[in-house]
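A closer look at the structure
What follows is the residue order along each chain.
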Amino acid sequence: VQLQASGGGLVQAGGSLRLSCAASKTIRSIGVIAWYRQAPGKERELVATITAVGHAEYVGSVKGRFTISRDNAKNTVYLQMNSLKSEDAGVYYCNTWGPRKYPWGQGTLVTVSS
């Protein structure tokens, strides 16, 4: 199974981006899907999760600014990022939540300029 993130780019602080995570199989069978990010020199961290029925959870630093959603018909999970801050910059990845992970994709780079 491959989960490929896309949609990153350069955005000014306060701007918005929408990331997409396309799965190579039906995401209904994957269960909880998560977005992660890794800033330069830092560990990869969890950003948001969404269950198979659409229940979402967020790390505190993005609550109220990011929205995770999923379109099961398109086998795609999205991350709408608003009011971006410099600390949101990094490579964003999608994968399952929990100990069993699929191989990590190359992620998508988000750069926030001040």
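Residues numbered from 1 in each chain as written. Predicted model: local features only at pLDDT ≥ 70, side-chain atom pairs only at ≥ 80, totals over all residues. Heavy atoms only, no water.

A few words now on the pattern of salt bridges. This structure, assessed with the given rule, holds three salt bridges. Across the pair Arg 37 and Asp 88 runs a salt bridge, and its minimum N-O distance is 2.9 Å. Note that Arg 37 is positioned in strand E4 (residues 33-38) and Asp 88 in the loop between strand E8 (76-81) and strand E9 (90-96), a separation of 51 residues in sequence. Exposure remark for Arg 37: the relative accessible area of 4% places this residue in the buried category. Residue classification places Asp 88 among the buried positions, given a relative accessible area of 0%. A salt bridge links Arg 65 to Asp 88, with the shortest nitrogen-to-oxygen separation between them at 2.7 Å. A residue pair is termed long-range when its members are at least 10 positions apart, and Arg 65 in the loop between strand E6 (56-58) and strand E7 (66-71) and Asp 88 in the loop between E8 and E9 qualify at 23 residues. The same class applies to Arg 65 and to Asp 88, which are both buried. Within the structure, one salt-bridge network assembled from shared partners comprises Arg 37, Glu 45, Arg 65 and Asp 88. (Salt bridge = Lys/Arg side-chain N within 4 Å of Asp/Glu carboxyl O. Helix = DSSP H or I, 4+ residues; strand = E, 2+ residues; numbered from the N terminus. Buried < 20%, exposed > 50% of the residue type's maximum accessible area, 1.4 Å probe, protein only.)

This is a description of form; function is not addressed.
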